[in-house]
Amino acid sequence: MPEQARRVTTEVAGSDWLRALPPATRFILHGDAEARRRAATVWGIAGAEDPLRAEVAADRASLWLGPDEYLLLDSGAAAGSDAHAADLALRLDAAMGTVPHALVDVSHRQTAIEVHGLHAAAILNGACPLDLDISRCPVGYCTRTVFAKADIVLWRTGEQSFHVEVWRSFSDYVTGLLAVIAQDYYPGP
Amino acid sequence: MTAQRTEQGGRIDRSKPVTFSFDGRLYSGFVGDTLASALLANGVHLVGRSFKYHRPRGILAAGSEEPNGLVAVRRDAARVTPNLRVTQVELYDGLVATSQNRWPSLERDFGRVNDLLSRFFPAGFYYKTFMWPRSAWKNFYEPIIRRAAGLGDAPTEADPDRYSQRYAHCDVLVIGAGPAGLAAALAAANSGARVILCDEQTEFGGSLLSDTQAEIEGSSGRDWTRQTVAILAQNPRVTLLPRTTAFGYFPHNFLGLNERLTDHLERPDPRLARERLWQVRAGAVVLATGAIERPLVFPGNDRPGILLAGAARTYLNRYGVRVGTRAVLVTADDMGYQAALDLQAAGVEIAAIADLRTNPGGALPAAARAAGVPIHSSATVLGTSGDLRVESIDIGRVDADGRVTLTERVSCDVVLMSGGYNPSVHLFSQSRGKLGWSDALKAFVPQQSAECERSAGASRGIFGLAAALDDGYAAGAAAAPQPTLEHRRFEVKATATASEAYLGALPEGPTPAKDKAFVDWQHDVTTRDLALATREGFRSIEHVKRYTTTGMATDQGKTSNLNALAIVAKSLGVPVPQVGLTSFRMPYTPTSFGSFAGTSRGDLFDPLRKTPIHAWAEAQGAVFEPVGLWMRARYFPKNGEDMHAAVARECLAVRNQCGIFDASTLGKIEVVGGGAAEFLNRLYINSWTYLGVGRSRYGILCRDDGFIYDDGVVARTAPDRFHVTTTTGGAPRVLAMMEDYRQTEWADLEVWLTSTTEQWAVIAVQGPESRRVLATLVEDADISAGALAHMAIVRGRICGVPLLLFRVSFSGELGFEVNVPADYGRAVWEAIYAAGQAFGMTAYGTETMHVLRAEKGYIIVGQDTDGTMTPDDAGLSWAIGKTKPDFVGKRSLQRASMTAPTRKQLVGLRTRDPKLVLEEGAQVAASAGQTPPMALLGHVTSSYFSAVLGHSIALAVVSGGRARVGQTLYVPMPGGDIPVEVTTPVFYDPTGARINA
C-alpha cells in the first residue's frame, strides 16, 4: 500500500506586503442565472449578480468573472482536502438538477497570494494597468486582468488588501515581478 | 566665486559648492546648477562640435530644446549616458561629463576640415555620392559614415540600474508646471479631481523661476509658486512629478511619462530605481507646455556665445550667471529687451540692440533707451566673427526699399537672439490634434483637439503672466469631471510684453555672406541647404525635411522647424501654412531604453513556466529546453553522456522495459454541456457522437482554410463532458479559437470551456512493463488488458489521491498517462519512479519522446506540419468523420487544389548508409547531380537515429509522396547527393501489436 501522496503547492515567501494564501477549493461555474441561483444556495451566499463583484459568506466567496462565469472559492479549514472538494462538487451538481451548467474543479490550477499594506495598489499597478483607486475599485471588486505577461484574477478584499489568483506555473513570475516592483516602496536593507 | 557668477540671487544653493569635470578639466559650481549654468558661470560657452561641419558650438538655450550642448555623463563603465542636454543635467559633486563629436579635443577638432570642405557636402550629399559602385556601400561607405555620423557612444556594458514602471489613472493630467499648469492643477484639485502634475524640470514654476519682477496675489512669482505647490502637495488626490517628461501621447489619453529618480544624485542609493516610466490613462489632459524661444537666422549665428535672450535671462535670474561681459541683443520683440535690461542691471554691458522692427516703441524699448543703450532699428545682421567664441557682430540696416547696408561692427562676447516664441505644440500634435496658423504670432497653435485635451497658456499662444494664469485655471476647472463654476482672476503685476515674432532668415546684405546661416543647429542645416532643396525641385516640407535632414535630429527641430518652414515658403513663393508642417514624433526628448524595458529583463523577461515535476528533473541533472513559455526536460544524461547516448539509452528503455515522462505541459480543456459532443463535431475533423464514455480518440483540428492547426487526444468522461488535450504550445490558441466559435458562431449550443492545463499533472508511463508498474499503485480501477483497452480511460486512485488514467501511447508501446491534481504531481511521480525501479524504469525527456513517435510515424504539429498541410497530406484522412455535414475546414478541403495528387505528403525516408542522419529542413530532389535552380519535391521534417532499429529514420513531406514509396530520391547537400529510399512513415511495429498488448 503506497504512502498517501503529499500535497505540494507552489512556494511563496511572505513579507511585509505579501502573504501566501493556503490551499483552497476552487470551481469554475458556467451557467445561466438559474444555475447560479442554485449554486448560491449550496455556497451559502445570496447570489447577487453584480458584474465585477465578489460575494463573500464566511470562508466562501463567489467571484463574478463574466456574464456566465463565476469562480467559487472555499478557503475553510477543510479546503485543502480533495474529499471536501469532491463532496462540494457533488452537492453543487445535485442542487443543479437538470439546469444546464458546467462545474469544473480548478483547485490545483491556481494558487493565491495576498498583496497588502499602504502601497498594495501601487505595487500592483507596477504591472497591472487597471485603475485601482478605491473610488473605481472598491472593496469587493474582482476581475480577470493581466499582471505584465501573466493572466490573474484580482479581488480587492480590503482597502489595503488584494487577493490575487494566478495559474500555478505563472506564480514564480508574478511573485518575482512583485518583489522587484515592491523595492520602490520596501527597499529592504 | 567664478568670474561670471553674480554676487547674489538665483535659485542655486551657494552654501553647497560642488566640483565637477568637463572634458577632464575641473570646475566648480553650486547645488541647483545645471551643467550648462555651471559651465557658463566658469565662462565656458564652447560645449560641442556640430554634427556635420564640426563647427564649435556653444550653449544656445536653457531648456530641453538645447540643440548644441550634448554631453556624455559617466558614473562608471556601465553607467555612461550619451546625448544628455547640458541644460538638463543637474550638477552634483564629482559629476564627470565629456563633450561629443570631436577628436582629439573640443578646441582642436580634426573633423573641422568638413567645414572648410563644406561646398562638397551639400544637402542630399549622401544620396548623391555614395550610390556607386554599389558594392562599396557595405564594406566602405557605410562603416565610415556610421563612424562619422554618430552623436555619442553607447555604453559597452550591461546596464546595472533598475528601471521601474507604473500604470496610473487620473481625472486630469496637467503637463507643465509653469504658471498656466500650476493654475490648472489648482483648479482641478479644488474640484476634488484626481490630478497628476508633471514637469520635465527639477523645480515647478516654469517661467516664474526666471522672473524676478512678477507678483501674483501680492506675493513674488516664486513665493506664489512655492505656496501653490505646497497646497497641491497636501492634497492626497494630487500626484506631483518633477523631473518627469511627458514624452508620448498615445490614443485615448494614454500618455508616457519618464520620471528621472537618481540621475541628479551624487551617490544614488543602489536600491533605488534610476527612472520610472509612468503609463497614465487620463480622463482629461491639460497641456501647459509653454513656448520655446525662436532663434534668428543670420550668417555666423552659431558661434559660441550666441544664445537665446530668454535663456540668458534664465541663466541670470535662476542660476545667478552672467552669460558674458559685453552683449549685443538682436531682437524682434520686447521680450528681448527685458533680458537685456535684466543683464544690464546685473552688470553686463549692453553694447547695442539691433531691433528688426522699423519703429520699436513701448515701455521696454523706452527703458533701454533711457539706460543709454544704442538701439538700431530696421536692423539686420550681416555676419559675426570669432573662432571658439563670438568676438563681434556686423549690424546692418534695411532701407525702406529693402536695400541692406552695413551700419556697424560691434565687438562683444555674447549675442542674445529673440525671434519671438513658438508655442510648444509637440504633444498636442502627437495626440493628432489639428494645428492652425496664427498670423499674429507667426506660429502654429492648437486649433482642434482629437482627444479629451485642452491646451492652456503659452502652449496655445496665450502670452503674458496674467492671461496664462487665468487661462490655466479655466482649463483645469473645465477639465475636471465635476467642473467648478468658479472663475478666478489672478491679481498680477508683471511687465506687459508685446508678442511679436520674426520668421525665416534675416535680410541679407548686397553680397552673399561668406558664412553659413544655420537653421537647424543640431543637424547643421543652413539656409543654403534649404534653398538648394527647393531649387532641386522639392516642394513638400516632408521631402525637404528628409532631403536636408532639417528637424530630424534628437531635438526634433524644437528651435528650427518654423524658421525652416518660412525659408522654404519664401523660396517657393507661397504662404507658410501652405507649405504645411512636418509631424511631431515621440519621444518629446530622448528617452532611455531601460525605461521602456523596465522589469522585462533577465528571468522576468517572460514567464518561465515549470511543471510540478520540474524540481525533480532538475535534481536528476536533466537538460531543459524551452517549449513556448514552458521549460521541459529534454534528456537525462547519466555519467557524462552526451545527448545522443542519453537519448539512445532512454529510447531502448522505453522499448524494452518502461519509461516515465512528464507530459504535464499538454494543454487541457474541459468541454462541458449538453452541446459538448456537437460542439466538438463542428470543430474537429473527427466524429464524436458515438465516442463512448470512458473512451478517447485522437482528434485533429483544422483552421477554416483546411490546414492542420492542432491535435491531441480527446476523452469522453461523461455524456456531457469531454477532456480535450492539445499540444503544449497550442493550448492558448486552441482555447481562444474554441471560445471564438462558441461565442460568435454557435451560440445555440449549450457548452462551456474551462482550461484545466494546470489542474492536472500528467505522468506518461510507457513501455511493455508499464502496466505492471502501475498495478502496484493504482487502486479502485481495473487496468488489466481486458478491462482497459488502448484509448480507454478510467477513474481511480493512486497513492490515495484522485486519478484519471488514460491508456494512450505516443511511443507506440503499451502506455498510460496518469493524471493527478497538480499539487500531487511530484509525490505521485516519485512513487511511480520508485515502484518502476524494479522494472527497469527510466526517466526520459522530450528528445526521446520525439524519436519514439517518429519511429511510429506520429506527427508533431508545427514540426512535420507547417500551416499548409491538410489531414490527407499528413496521412490522417482516416480521422475525418465522413458523414458529418460540416466541420471547420471541410469546405476548404473540397477545393481541387487541396486534393491534387501532387500535394506534399508525409512519407518516411531511409538512407542507404544506416548511420547517416539527414538534416531536418534538407530538400528532397527526384534526381542526383542537379545544380541550382533545382526541381525540388519536398523536405525533411524530422530526422533521428533510431537505436531500436539500428539505423537512421526520417520523416519528410514529398510531392505525391505516397505514390513514390519504394523509389530512390536524393537529398542534395554540400557534400554531395544523399540517396534515400521512400518508405511509409511507420518504421517500427507497423501492425501495432505492441501498443495493444
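Residues numbered from 1 in each chain as written. Chains lettered and ligands numbered in written order. Predicted model: local features only at pLDDT ≥ 70, side-chain atom pairs only at ≥ 80, totals over all residues.

Q: Honestly, the overall build of chain A in this entry has me stumped. Any pointers?
A: Within chain A one finds four helices and ten strands. For chain A, the N- to C-terminal ordering of α and β elements is β-β-α-β-β-β-α-β-β-α-β-β-β-α. Its C-alpha atoms give chain A a radius of gyration of 17 Å, near enough to 16 Å, the size a compact globule of 189 residues would have. In terms of overall dimensions, chain A has a C-alpha envelope of 55 × 50 × 30 Å along the principal axes. Per-residue burial for chain A yields a buried fraction of 47% across its 189 residues. Counting only contacts in chain A whose residues sit at least 6 apart along the sequence, the fraction spanning at least 24 positions is 60%. (Helix = DSSP H or I, 4+ residues; strand = E, 2+ residues; numbered from the N terminus. Rg over C-alpha atoms; globule rule 2.2 N^0.38 Å. Buried ≥ 20, exposed ≤ 12 C-beta atoms within 10 Å, placed from the backbone. Contact = placed C-beta atoms within 7 Å.)

Q: Honestly, the sheet that holds strand 11 (residues 219-220) of chain B in this entry has me stumped. Any pointers?
A: Sheet strands associate in pairs through backbone hydrogen bonding, adopting either a parallel or an antiparallel arrangement. All names here are of chain B. With antiparallel pairing, the three strands of this open sheet are ordered in space as 11-10-29. Only two strands of the sheet have a single neighbouring strand rather than two, namely strand 11 and strand 29 (492-493). As paired strands, strand 10 (residues 215-216) and strand 29 are joined by two bridges and run antiparallel to one another. By the bridge assignment for strand 29, I216 is matched with V492. (Pairing = 2+ DSSP bridges.)

Q: Please clarify how the nonpolar core should be interpreted in this entry.
A: Within soluble globular proteins, side chains that are nonpolar tend to cluster in buried spots. Residue and element names in this part refer to chain B. Counting residues in hydrophobic clusters, the biggest one holds 335 residues, and the most contacted among them are V172, A184, A340, L416 and V828. The element that contributes the greatest number of residues to this core is helix 5 (residues 179-190), accounting for nine residues. Apart from the residues within four sequence positions on either side, L416 is in contact with L307, A309, A312, A327, L329, V330, G336, A339 and A340. (Core = buried A, V, L, I, M, F, W, Y, C linked by C-beta atoms within 7 Å.)

Q: Before we go on, may I ask you to explain the sheet that holds strand 35 (residues 667-672) of chain B in this structure?
A: Residues and elements named next belong to chain B. Spatially, 36-37-38-35-39 is the arrangement adopted by the five strands of the open sheet, whose pairing is antiparallel. Looking along the sheet, the strands with just one partner apiece sit at the ends: strand 36 (696-702) and strand 39 (752-755). With strand direction ignored, the average angle separating the axes of adjacent strands in the sheet is 30°. Of the strand pairs in this sheet, strand 35 and strand 39 are connected by four bridges, and their pairing is antiparallel. Counted as the bridge partner of V671 is L753 from strand 39. Contacts from helix 19 (residues 676-683) reach strand 35, strand 36, strand 37 (708-718) and strand 38 (721-726), with the element oriented near 130° to strand 35. (Axes fitted to C-alpha atoms, helices over the stretch in contact; angles between N-to-C directions.)

Q: Even after reading the chapter, I still don't get the environment of B:S583, so can you show me in this structure?
A: Residues and elements named next belong to chain B. You can see S583 is positioned in the loop between helix 15 (576-579) and helix 16 (593-597). For S583, a count of 10 C-beta atoms within 10 Å corresponds to the exposed category. It is 9.3 Å that separates the C-alpha atoms of S583 and R432, two residues lying 151 residues apart in sequence.

Q: Looking at this model, I keep getting lost on the packing of helix 1 (residues 33-43) of chain A against helix 2 (residues 82-96) of chain A. Mind explaining?
A: The relative placement of two packed helices comes down to the angle between their axes together with the axis-to-axis distance. Residues and elements named next belong to chain A. Between helix 1 and helix 2, the shortest axis-to-axis distance is 9 Å and the interhelical angle comes to 135°. Taken together, the axes of helix 1 and helix 2 are oblique relative to one another. Helix 2 is crossed by helix 1, and the crossing has right-handed handedness. Residues A35, R38, A39, T41 and V42 of helix 1 pack against R91, L92, A95 and M96 of helix 2. Of the residues assigned to the contact of helix 1 with helix 2, the class counts are six nonpolar, one polar and two charged. (Parallel < 35°, antiparallel > 145°, perpendicular 65-115°, else oblique. Left-handed = near helix turned anticlockwise from the far one by under 90°. Nonpolar A, V, L, I, M, F, W, Y, C, P; charged D, E, K, R; others polar.)

Q: Help me understand the pairing of strand 15 (residues 275-287) of chain B, please; the structure alone is not making it clear to me.
A: In regular strands, side chains alternate between the two faces of the sheet. All names here are of chain B. Across the 13 residues of strand 15, ten count as buried, placing the element largely inside the fold. Pairing geometry for strand 8 (residues 163-175) and strand 15, over twelve bridges, is parallel. Looking at strand 15, one finds that V172 is bridged to A284. The pairing of strand 14 (residues 254-260) with strand 15 spans seven bridges and is antiparallel. Looking across to strand 15, one finds that F254 is bridged to R281. Judged from the three bridges that link them, strand 15 and strand 28 (residues 453-455) form a sheet pairing that is parallel. Its bridge partner lying in strand 28, L287 is registered against S455.

Q: Honestly, helix 9 (residues 363-370) of chain B in this entry has me stumped. Any pointers?
A: All names here are of chain B. By the burial criterion, the buried members of helix 9 are L364, P365 and A368. One face of helix 9 carries all of its buried residues, which in axial projection span an arc of 100°. Those residues of helix 9 that are exposed and aimed more than 90 degrees away from the buried face are A366 and A370. (Arc of directions from axis to C-beta.)

Q: Looking at this structure, how should I read helix 2 of chain A?
A: Residues that lie three or four places apart on an α-helix share one face, since the helix turns once every 3.6 residues. Taking 1.5 Å of rise per residue, the 15 residues of helix 2 of chain A would be expected to cover 21 Å, and the 21 Å separating its terminal C-alpha atoms lies within 8% of that figure. Among all positions of helix 2 of chain A, only A:D82, A:A85, A:L88 and A:L92 are buried. Down the axis of helix 2 of chain A, the smallest arc covering the buried residues is 120°, so these residues share one side. Along helix 2 of chain A, exposed side chains directed more than 90 degrees from the buried face belong to A:A83, A:L90 and A:A94. On the buried face of helix 2 of chain A, the contacting elements are strand 2 (25-31), helix 1, strand 5 (69-74) and strand 6 (101-105) of chain A together with strand 43 (801-806) and strand 44 (815-821) of chain B. The first or second residue beyond helix 2 of chain A is A:G97, which carries a positive phi of 60°. (Expected span 1.5 Å × (residues − 1).)

Q: Any chance you could explain the interface of chain A and chain B here in plain terms?
A: How big an interface is tends to be reported as the loss of accessible area on association of its parts. Each side of the interface is counted separately: chain A has 42 residues, and chain B has 41 residues. Listed by contribution, the elements that provide at least two residues to the side of chain A that touches chain B are strand 2, strand 6 and helix 4 (171-182) of chain A. At six residues, helix 4 of chain A tops the list of elements feeding residues into the side of chain A that touches chain B. Of the residues assigned to the side of chain A that touches chain B, the class counts are 18 nonpolar, twelve polar and twelve charged.

Q: What exactly am I supposed to notice about the packing of helix 8 (residues 334-345) of chain B against helix 9 of chain B here?
A: Residue and element names in this part refer to chain B. Orientation of helix 8 relative to helix 9, taken along the N-to-C sense of each, is 35°, at an axis distance of 8 Å. Judged by the twist between their axes, the crossing of helix 8 over helix 9 is left-handed. Here D334, Y337, Q338, A340 and L341 of helix 8 lie close against helix 9, whose contacting residues are L364, P365, A367 and A368. The residue makeup of the contact of helix 8 with helix 9, split by class, is seven nonpolar, one polar and one charged.

Q: Would you mind showing me how to read the environment of B:I462 here?
A: All names here are of chain B. Locating I462 in the fold gives a position in the loop between strand 28 and helix 11 (465-479). A count of 22 C-beta atoms within 10 Å places I462 in the buried class. Spatially, the C-alpha atom of I462 lies 40 Å from that of V80, the residues being 382 residues apart in sequence. Filtering out sequence-adjacent residues up to four positions away, I462 remains in contact with G457, A467, A468 and D471.

Q: What exactly am I supposed to notice about the domain arrangement of chain B here?
A: Residue and element names in this part refer to chain B. Taken domain by domain, chain B holds domain 1 (163-291 + 423-493), domain 2 (615-665 + 757-864), domain 3 (668-756 + 869-895) and domain 4 (900-997). Of note, the centres of domain 2 and domain 4, computed from C-alpha atoms alone, are 29 Å apart. Listed as interface residues are 20 residues of domain 2 and, on the opposing side, 20 residues of domain 4. Classifying every residue of the side of domain 2 that touches domain 4 gives nine nonpolar, six polar and five charged. (Domains from an automatic or database assignment.)

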